[in-house]
Amino acid sequence: MEVRILGSAREVGRSAMLLKSSNTNILLDFGVLMQREIGFPVHVQPRDIDAILLSHAHLDHSGALPLFYLSNGPRIYTTPLTLELTRLLIEDLLRVSGFYLPFEYIDLLEMMKKTTTINPNDKVKISNFDVRFYDAGHIPGSTSILLEGEGKRILYTGDINDEDTQLLKGANYDIGELDLLIIESTYATEDHPPRREVENSFVAYAKEVIERGGTLFVPAFSVGRAQEIACILSSHKFPYPTYMDGMALKTNEILFRYPEYLRDYRAFRRAINSVEVVTAWKQRKQIINTPSVIISPAGMLVGGAAVFYNQQIAQKEKNAIAIVAYQVQGTPGRTLLEKGLALVNGRPTKVKAEVKRFDFSSHSGKSGLMKLLDKVKGRPKVLMVHGEEPSCVSFAKNVKESFGFDAQAPKPNEAFQI
Ligand SMILES: [Zn+2]
Ligand SMILES: [Zn+2]
């Protein structure tokens, strides 16, 4: 059996892996790299693929999938919630970047016809393999994927979070003996501060900004983080107005139909009912001058109403911008965080508002990933993906030393025998 890393090798983005057995070729994820120019995984022929397993909806895992449906593509297996969220996110990608994409809306529609949904913990047979999806605790609907067949056991973590958040239960599944583990490495070299502390300091900071007459803008991913921020404010009985804008609102509508995927559905409902919905430009222009919290995608400021909010909120000292998510290299969010610059009227401009980072991660930190490895039995090959180069490389070294596993940080398009 062979596994080839088509994307997410020493970078966060375009996750894609190809598993080739004697008679079956299975693709795990096929995402895009979200930078100024959209990047794709190494090309594969649709006719060479028997099935696609999708771990979760984020575009860095799903965004390139419609490429397979220009012609008669393979069947996609994923959770029903991931499927709905994926459609939402790819529709948005087409709206924002359609001109630069090698596929169209019709290809997305074709893709939606070739799908089989599977709930977490259920088993599905794909050729010689039994496939099982486990709740990964990363975003609603997210999963890790276990494949068993032809005498091998293979686990792909996808993006994983082992800690409970307001919105989701942390991942906690049995692993057992493995021959191959493909593991994410986003935060493989650092631990997150305790969640409670981050929540408390975020809420205190939001109050502080509003009480000095400012507006706090929170760019947040439309799936997961936006809702998590709303839940945090609601659970702390936040006394000031909170607005939510953009695609996060559509995500809310979808999540209302999947209560079983959330940790505490009633708390979620309460939180979402307590935010004010923003849908009109007139309202947007008003709220940027209202002492309040504004939650809006895109989480890395690459598009959506966040671009407007960022430009406006950035211009006043009393305002603040809270960075609450991972910022990929080359995105406007990373530039804001590292250089304090925002695009104002098309020019990079020094931001007057305060910029503060809060570590609300939806990825396991170093100890969480090591805990997962601790549960692994056997002597698997371990491949570190979905992390920046230093993170993947030092994670591999660490795992080799701590567990004696054959751990490696693959290079793009590198293949491994198992
Ligand atoms: Zn993700
Ligand atoms: Zn990811």
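Undergrad: When you look at the domain arrangement of the chain in this model, what are you seeing that I'm missing?
TA: Size of an interface: often given as the accessible area lost when the parts come together. By domain assignment, the chain separates into domain 1 (2-190 + 362-417) and domain 2 (195-357). Taking only C-alpha atoms into account, the centre of domain 1 sits 28 Å from that of domain 2. Surface buried jointly by domain 1 and domain 2 totals about 2,900 Å² across both partners, of which 58% is contributed by carbon and sulfur atoms. Taken together, domain 1 and domain 2 are joined by two salt bridges. A salt bridge links R334 to E388; the nearest nitrogen and oxygen atoms lie 3.1 Å apart. In this assembly, domain 1 and domain 2 are joined by 13 residue pairs in polar contact (both at pLDDT 80 or more). Its residues placed into classes, the side of domain 1 that touches domain 2 shows 13 nonpolar, nine polar and seven charged.

Undergrad: Help me understand a negative patch on the surface in this model?
TA: A cluster of acidic side chains, namely E163, D164, E190 and D191, defines a negative patch on the protein surface. A relative accessible area of 43% means that D191 is categorised as partly exposed.

Undergrad: Can you walk me through the coordination of the zinc ion (ligand 2) in this structure?
TA: The reference angle at a metal is 109.5 degrees if four donors form a tetrahedron and 90 or 180 degrees if six donors form an octahedron. Coordination of the zinc ion (ligand 2) by the protein involves D60 (OD), H61 (NE2), D159 (OD) and H386 (NE2), with metal-donor separations of 2.1 to 2.2 Å. Around the zinc ion (ligand 2), the four donor atoms are arranged such that angles at the metal cover 89 to 170°; this shape is classified as irregular. Linear spacing of the donor residues for the zinc ion (ligand 2) on their chain is D-H-x97-D-x226-H. You can call D159 buried: its relative accessible area is 2%.

About the criteria used
- Residues numbered from 1 in each chain as written.
- Chains lettered and ligands numbered in written order.
- Predicted model: local features only at pLDDT ≥ 70, side-chain atom pairs only at ≥ 80, totals over all residues.
- Heavy atoms only, no water.
- Domains from an automatic or database assignment.
- Buried area = accessible area lost by both parts, 1.4 Å probe.
- Salt bridge = Lys/Arg side-chain N within 4 Å of Asp/Glu carboxyl O.
- Polar contact = N/O pair within 3.5 Å; in protein donor to acceptor, adjacent residues only side chain to side chain.
- Nonpolar A, V, L, I, M, F, W, Y, C, P; charged D, E, K, R; others polar.
- Patch = residues over 30% accessible without salt bridge, like charges linked within 9 Å, V, L, I, M, F, W, Y side chains within 5 Å.
- Areas by Shrake-Rupley, 256 points an atom, 1.4 Å probe, with all protein chains shown as cover.
- Lys, Arg positive; Asp, Glu negative; His and termini not counted.
- Charge placed at Lys NZ, Arg CZ, Asp CG, Glu CD.
- Buried < 20%, exposed > 50% of the residue type's maximum accessible area, 1.4 Å probe, protein only.
- Donors = N, O, S within 2.8 Å, 3.2 Å for Na, K, Ca; no water.
- Tetrahedral: all angles 85-135°; square planar, octahedral: opposite > 155°, others 65-115°.

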